[in-house]
Amino acid sequence: MNRALRFSVPLALTLLALAASGCAGLGGTRHGQSTSLVDYIDPSGQGRNFEPTIPHLRFPLTVGVAFVPSANPHGETTDDSFTEQEKVEFSERVVERFERLAFVDRIEIIPAVYLRSKGGFTNLDQLKNLYVGDHEKP
């Protein structure tokens, strides 16, 4: 598996989990912009065709935990779904649960400022280079 997929796949799965979880576990009712992992991964909306393949992961994994940035109808990034403190608390709970797993080497909490609205795989590759870079094991 290439270097980009080693970090991008776990990060994308974590983004999906956080996007799907919404406000679950934080209590209370919230109203705000919804976020779509699909909009983040495929900003063009053209539905890129990927050849189905079986991923070959090298263990232990490096995992990134992040919140998908939301955007209002005008394309401007908004961040009114969670407070930063709620994001940090939720991310820390995710880290606590994942760090016990033998197949996880390390878990990085990705700050919201590092994710661009509709950033796609380009943004994920930048994050991979920032967090994994030369630290990746051969």
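Keep in mind it's a predicted model, so treat the numbers as computed, not measured.

Student: Could you give me a rundown of unusual backbone geometry, with the residues and numbers involved?
Tutor: In the segment running from F59 into P60, the intervening peptide bond is cis, with an omega of 0°. Positive phi is not limited to glycine here, since K118 has a value of about 60°. Structurally, K118 is set in the loop between β4 (104–109) and α4 (120–131). A residue is classified by how much of its surface remains accessible, and K118, at 43% relative accessible area, is partly exposed.

Student: Run through a negative patch on the surface, naming residues and quoting values.
Tutor: Taken together, E89, E92, E96 and E99 make up a surface patch of like negative charges. Along the chain, the position of E92 falls in helix α3 (residues 84–98).

Student: Run through α4, naming residues and quoting values.
Tutor: Over its 12 residues, α4 extends 17 Å from the first C-alpha to the last, a length consistent with the 16 Å expected when each residue adds 1.5 Å. If you check which residues of α4 are buried, you get G120, N123, L124, L127, K128 and Y131. Projection of α4 onto a plane perpendicular to its axis shows the buried side chains occupying an angular sector of 145°, all on one side. Phi for G133, located one or two positions after α4, is positive at around 40°.

Conventions adopted
Residues numbered from 1 in each chain as written. Predicted model: local features only at pLDDT ≥ 70, side-chain atom pairs only at ≥ 80, totals over all residues. Heavy atoms only, no water. Helix = DSSP H or I, 4+ residues; strand = E, 2+ residues; numbered from the N terminus. Buried < 20%, exposed > 50% of the residue type's maximum accessible area, 1.4 Å probe, protein only. Patch = residues over 30% accessible without salt bridge, like charges linked within 9 Å, V, L, I, M, F, W, Y side chains within 5 Å. Areas by Shrake-Rupley, 256 points an atom, 1.4 Å probe, with all protein chains shown as cover. Salt bridge = Lys/Arg side-chain N within 4 Å of Asp/Glu carboxyl O. Lys, Arg positive; Asp, Glu negative; His and termini not counted. Charge placed at Lys NZ, Arg CZ, Asp CG, Glu CD. Expected span 1.5 Å × (residues − 1). Arc of directions from axis to C-beta.

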